[in-house]
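Residues per chain are reported as follows:
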Amino acid sequence: MSEIPAKATESEDPSEGARAMAADGLASAVGGALAADGVPPGDAMWQSSPPGSIYDYIKVASFSIGPDGLVDQWSLRAEHLFGIPAERAVGMDPIETFIDPRLRERGMRKMAEILDGREWTGVVPFRMPKEADGECGHEGLAEVYVMPTRTEDGEKAAVCIVVDVRTLRSIETDLAASQAIFSQSPFGFLLIDPDLRVRRANQRFASIFGGTPDDHRGKGVHDYLQRGEAERIAATLRRVLETGNSITDMHVTGFVPNSDERRHWSVNLYRVHSGSGRPIGIAWLGTDITSRRAAAREAAAARRNLALLNEAGARIGNSLDLETTARQLLDVVVPGFCDLATVDLYQGLLVGDETPPGLADGSAELRRVAFASAVSDAPFTGTGVPVAVGAVHHYPFNSPCADALRTARPQTVPPEDGGLVQSTLAVPMVAHDTVVGLVQFARAKGSEPFGDRDRDLAVELAARAAVCIDNARLYRREHERALILQRSLLPPGDPEASGLDIACRYLPGNANTGRPSEVGGDWFDVIELPGHRTALVVGDVMGRGLRAAVAMGELRTAVRTLAQLDIEPAEVLSQLDEIARGLGAPGGVQQATRAARRPREADLSEVYLATCVYAVYDSVTRRCTFANAGHLPPVLVEPGEPALMLDVPPGLPLGVGGEPFEEVEVELPEGALLALYTDGLVESRDHPLDEGLQAFVSALSDPTQPLEDVCDHVLNTLDSHHGEDDIALLMARVQGLPAESVGDWTLPREPRSVGRAREYARAQLLSWDMEPLVDTTELLVSELVTNALRYGEGEIRLRLLLDRTLVCEVWDSGLVQPRRRRARDTDEGGRGLQLVGLLSAAWGSRRTPRGKTVWFELPLPGGETALTDPAEALLSLF
């Protein structure tokens, strides 16, 4: 409050009382304003104005005029309002100094009236006196209240109170604007005092929390919020009051009267200052964001669900294994979507049953293939008795799980009292309108129960996993069929060969990596040939799957057929090349041959290419003839020598055609180890072929071990070098036919050679203790030598070979092959070859570089095959 000059004294004029009452009225107005703000009237109004008073905002000044009409007192407020210090202002004529010259005459009359003892109030325009530089000061408008008084000497004087009108009008405008903003704001507006009590609330706030704005005066945050939230907000209010740092978008949670719905508000806080700059409270501006928070939660849930679906699409279905796919589903949903989850698949689906999985009532046997938990390692008991992973079980007919399987619709499973689970969804796994299993999603107590959006997401996740599982089921079925086909085309059991110790291995692609394997076109074969010879074959059809397995079967059958013709290895590969080219042509080999004579665009999808190495080993001479069609070279390990790769011309793969194949003949020492293999053993994406070949050669460092151990050692050593392709490994240790097991004679081309041949055969068989074979052998040797004398050319060679069977060979230089025919009853001849066929276990003929060889084979005494009685055989001819 502005001060009153001390020299002013009470007036003796009769009108002094009224004037004093007017002065008291002004003081009462100011004091009332203070009292409205909580400052008591009375003595306090004569003290210095407290911060927050109205005098901090309006410009009020006072000065006194002496009997001479000049300023004799000049207050500090006057100095601030007019900008004139007291030492300059005292003694000035206020009319001459502040009034415009055009209004001075009127001002002089008013001054005379005032000094005559009359009160006066009015609005007076003024201007500041000239500055030192001669320029006039600014103009203003002041409301002046003049009160007559007397000096100590009893002379008439006056006290003037001046208020800057423009400042008052600005304050009026600001007050009106502030009142409009406060009352009309669509946001909850509070003014909180330093004691953290509501000093003022607007209508919007009152409409939310009830009552009128005045009803909220004096309330604190604890009257609106729960204890924990109220203490947090109170601490924030104190911090804003102490630091002056504003708070933007502070989230407050609470309840409104007569409602159980949790509400959310966004609140802005800032400290409010008086005109002197002292903090007088905190402004609270809040808006209800409950619906926005709900929309944000919905959007966040939608984004979370979309991210979960994207993750499911990326992680589920990377494997073609049913159990792995089920585990991938649980890896995605736990703990991002639920706390516990299980996957049950129909047992018939897992064992390869072709019938539609499940029964109509949904109670068929299922196997639990996966379980995951974010809160416990034990299976949850929300659906009855716990089921371990791998256990086979079924759900009761009236259970929600059986209902879900039966109707192919998700069901809610009620929780058990006192259990861990509070919400469970049983979702059938449906793929192509077929239910393949059931997945259960569960949330533990403390988590949000499943809603409609969660149910839709669970159905989508289960459907995606079901499609992947159904694809894996179809793949497993096709793979098993192809694998059965492929294994049926490979040699059964452990193959045996004369003069060779054989060991072999076959591994489907990826068998050692734990991933689902896919059949390929690798194969091997061991074919017994006449004369205790053996054909060793290893091949690889390019490509994978059922198509490659079928092509492999056709080529293997063709190889066995060509081997029985006993033609040279190079010729066998040439014939295989023609067959391979015919595999991709609709008309077979002939159509492929005609198509090769005219230009055409090759259909790569129908081209069958294969590599193959074909070797014929003779146990008598221990010589082996190799022919190669684009395959990896054989590896030979001689006793006491390091392993080496044989230099066999590779030739072109089968199916390419156009180039002949070459042969290489190698003599194999006794005890030598021969290895034939496919590229899956030595080549992979991470290891080049040269590195794999070197590792394979190094693995054959100790060939003296049993062949089975050598095979295992090779596979274990090269475990990191394969797995992406099929592996076929064929190993043979040379065990040549001993010289004492061979009888070899050369006979002149004369009739008596027949008798000598019988004598040589008898003597040799007796030396071998094979007396039960003497009569049959003599008879058949006589027939073959007689045919050689009659139809052959050149000298005759007789050879007997004793191993697992007895083989007799008759050689001559003739090229005409013997042909068996049925003799009529009246024919005197033509029954020799029939007799050979009746008495022998097998017989045939083959071309040689110098003619032909006719042979027959007899089982040894005491074997599984009984000998045929020669007398009965002769009688059966007639």
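In short, a report on the structure. (Residues numbered from 1 in each chain as written. Predicted model: local features only at pLDDT ≥ 70, side-chain atom pairs only at ≥ 80, totals over all residues. Heavy atoms only, no water.)

**Some remarks on helix α10 (residues 322-333)**
- With twelve residues, α10 extends 17 Å from end C-alpha to end C-alpha; this agrees with the ideal 16 Å at 1.5 Å per step.
- Burial runs high along α10: nine of the twelve residues are buried.
- The N-terminus of α10 is capped by aspartate 321, whose side-chain oxygen sits 3.3 Å from the backbone nitrogen of glutamate 323. (Helix = DSSP H or I, 4+ residues; strand = E, 2+ residues; numbered from the N terminus. Expected span 1.5 Å × (residues − 1). Buried < 20%, exposed > 50% of the residue type's maximum accessible area, 1.4 Å probe, protein only. Polar contact = N/O pair within 3.5 Å; in protein donor to acceptor, adjacent residues only side chain to side chain.)

**Here's the deal with the nonpolar core**
- Membership of the largest hydrophobic core comes to 57 residues, with the highest contact counts inside it found for Trp523, Leu536, Leu576, Tyr614 and Leu730.
- A per-element tally of this core places helix α14 (residues 546-564) first, with eight residues.
- By size, the runner-up hydrophobic cluster in this structure holds 50 residues, among which are Cys338, Ala341, Ala370 and Ala466. (Core = buried A, V, L, I, M, F, W, Y, C linked by side-chain atoms within 4.5 Å.)

**Side note on unusual backbone geometry**
- At the junction of valine 334 and proline 335, the peptide bond is cis and its omega measures out at 5° in the coordinates.
- By secondary structure assignment, the location of proline 335 is in the loop between α10 and β11 (340-346).
- Even without glycine at this site, aspartate 249 takes up a positive phi of about 55°.
- Relative to the helices and strands, aspartate 249 resides in strand β8 (residues 247-254).

**Regarding the sheet that holds strand β5 (residues 156-164)**
- Reading across from one edge, β2-β1-β5-β4-β3 is the order of the five strands in this open sheet, with antiparallel pairing throughout. The open sheet has two edge strands with one neighbour each: β2 (71-74) and β3 (120-127). The mean inter-strand angle of the sheet, taken between neighbouring strand axes irrespective of direction, is 30°.
- In the sheet, strand β4 (residues 139-150) pairs with β5 via nine bridges, with the strands oriented antiparallel. Considered in β5, the bridge of tyrosine 145 is made with isoleucine 161. (Pairing = 2+ DSSP bridges. Axes fitted to C-alpha atoms, helices over the stretch in contact; angles between N-to-C directions.)

**Quick notes on the packing of α14 against helix α15 (residues 569-583)**
- Two numbers describe how α14 lies on α15: the axes approach to 10 Å, and their chain directions differ by 150°. The orientation of α14 with respect to α15, classified from their angle, is roughly antiparallel. The two elements α14 and α15 meet at a crossing, and its hand is right-handed. Along the contact surface, α14 presents Ala551, Glu554, Leu555, Ala558, Val559 and Leu562, while α15 presents Val572, Gln575, Leu576, Ile579, Ala580 and Leu583. (Parallel < 35°, antiparallel > 145°, perpendicular 65-115°, else oblique. Left-handed = near helix turned anticlockwise from the far one by under 90°. Contact = heavy atoms within 4.5 Å.)

**Some details on helix α12 (residues 400-407)**
- Within α12 the residues assigned to the buried category are Cys401, Ala402, Ala404 and Leu405. Down the axis of α12, the sector holding all buried residues measures 155°, keeping them to one side.
- Looking at the buried positions of α12, the neighbouring elements they touch are β11, β12 (366-373), β14 (411-413), β15 (421-431) and β16 (434-444). (Arc of directions from axis to C-beta.)

**Observations regarding the pairing of β11**
- Within β11, seven of the seven residues are buried, leaving the element largely enclosed by the surrounding structure.
- Going residue by residue along β11, you find Leu340, Thr342, Asp344 and Tyr346 tucked away on one face and Ala341, Val343 and Leu345 tucked away on the opposite face as well.
- Where β11 meets β12, seven bridges bridge the pair, whose relative direction is antiparallel. When the bridges of β12 are listed, leucine 340 appears paired with serine 373.

**Structural notes on a negative patch on the surface**
- Residues Asp68, Glu152, Asp153 and Glu155 make up a contiguous surface patch of negative charge.
- Its location among the elements puts aspartate 68 in the loop between β1 (60-65) and β2.
- Taking relative accessible area as the criterion, aspartate 68 reaches 55% and is therefore assigned exposed. (Patch = residues over 30% accessible without salt bridge, like charges linked within 9 Å, V, L, I, M, F, W, Y side chains within 5 Å. Areas by Shrake-Rupley, 256 points an atom, 1.4 Å probe, with all protein chains shown as cover. Salt bridge = Lys/Arg side-chain N within 4 Å of Asp/Glu carboxyl O. Lys, Arg positive; Asp, Glu negative; His and termini not counted. Charge placed at Lys NZ, Arg CZ, Asp CG, Glu CD.)

**As for the sheet that holds strand β30 (residues 842-848)**
- Taken in spatial order, the five strands make up an open sheet running β27-β28-β29-β31-β30, and their pairing is antiparallel. The open sheet has two free edges, formed respectively by β27 (742-747) and β30, since each of these has just one partner strand. Each strand of the sheet is rotated relative to its neighbour by a mean of 15°, with strand direction disregarded.
- Contacting β27, β28 (796-802) and β29 (805-812), helix α19 (residues 753-767) crosses the sheet at an angle of about 165° to β27.
- Helix-sheet contacts for helix α20 (residues 774-791) involve β28, β29 and β31 (851-859), and the interaxial angle to β31 is about 170°.

**Description of the packing of helix α9 (residues 290-315) against α10**
- Across the interface, α9 lies against α10 with an axial gap of 10 Å and an inter-helix angle of 155°. Relative to α10, α9 is oriented roughly antiparallel. Crossing angle aside, the handedness with which α9 passes α10 is right-handed. On α10, the residues touching Leu308, Glu311, Ala312 and Arg315 of α9 are Gln328, Asp331 and Val332.
- A breakdown of the residues in the contact of α9 with α10 according to their chemical character gives three nonpolar, one polar and three charged. (Nonpolar A, V, L, I, M, F, W, Y, C, P; charged D, E, K, R; others polar.)

**Description of the packing of aromatic side chains**
- What the rule picks out here adds up to 13 aromatic pairs.
- Their ring planes at 45° and their centres at 5.6 Å tell us that tryptophan 74 and phenylalanine 82 sit as a pair that is tilted.
- On the accessibility criterion, tryptophan 74 (9% relative accessible area) is buried.
- The exposure class assigned to phenylalanine 82 is buried, which follows from its relative accessible area of 7%.
- Connected via pairs of aromatic rings, a cluster forms that spans Phe63, Trp74, Phe82, Phe98 and Phe126.
- Looking at arginine 406, its charged tip hangs above the ring of phenylalanine 397, at a distance of 4.4 Å from the centre.
- A cation over a ring is seen here: arginine 846 above tryptophan 811, with NZ or CZ 5.8 Å from the ring centre. (Phe/Tyr/Trp six-rings, centres within 6.5 Å; stacked < 30°, edge-to-face > 60°. Lys NZ or Arg CZ within 6 Å of the ring centre and 35° of its normal.)

**Details of the environment of leucine 700**
- Counting through the fold element by element, leucine 700 comes out in the loop between α17 (689-699) and α18 (707-717).
- Each C-alpha atom of the pair leucine 700 and valine 637 lies 7.6 Å from the other, and the pair is 63 residues apart in sequence.
- Those residues within four positions of leucine 700 in sequence are excluded, and the remaining contacts are Val635, Val637, Ala643, Leu673, Ala675, Val710, Val714 and Met731.

**Some details on the environment of proline 415**
- With respect to the helices and strands, proline 415 occurs in the loop between β14 and β15.
- Between the alpha carbons of proline 415 and alanine 442 there is a distance of 9.6 Å; along the sequence they are 27 residues apart.
- Residues within four places of proline 415 in sequence aside, it is in contact with Val421 and Gln422.

**Digging into the side chain of arginine 533**
- With respect to the helices, strands and loops of the structure, arginine 533 is situated in strand β19 (residues 533-544).
- In this structure the side chain of arginine 533 is engaged in a polar contact, spanning 2.8 Å, whose partner is the backbone oxygen of proline 530.
- Look past the residues within four positions of arginine 533 in its chain and what remains in contact with it is Ile527, Glu528, Asp566, Val616, Tyr617, Asp618 and Arg846.

**With respect to the pairing of β30**
- Looking at chain direction, β30 and β31 are connected through seven bridges and run antiparallel. If you follow arginine 846 over to β31, its bridge partner there is threonine 853.

**Quick word on the pattern of salt bridges**
- Summed over the entire model, instances satisfying the criterion amount to 38 salt bridges.
- Salt-bridge contacts for aspartate 566 lead to arginine 846; the nearest nitrogen and oxygen are separated by 3.3 Å. Here the residue aspartate 566 occupies a position in the loop between α14 and α15, and arginine 846 occupies one in strand β30, the gap between them amounting to 280 residues. When sorted by exposure, aspartate 566 lands in the same class as arginine 846, which is buried.
- Among the ionic pairs, glutamate 778 bridges to arginine 762, the shortest N-O distance being 2.8 Å. Pair noted here: glutamate 778 is in helix α20 and arginine 762 is in helix α19, with a separation of 16 residues, a long-range link.
- Given the relative accessible area of 14%, glutamate 778 is considered buried.
- Judged by relative accessible area, arginine 762 falls into the partly exposed class, the value being 34%.
- Salt bridges linked by common partners bring Arg533, Asp566, Arg799, Glu809 and Arg846 together as one network.

**Looking at the environment of glutamine 735**
- Examined against the element boundaries, glutamine 735 turns out to sit in the loop between β26 (727-734) and β27.
- Each C-alpha atom, one on glutamine 735 and one on glycine 671, is 6.1 Å from the other, the two residues being 64 residues apart in sequence.
- Apart from residues lying up to four places away in sequence, glutamine 735 is in contact with Gly499, Leu500, Asp501, Tyr617 and Glu670.

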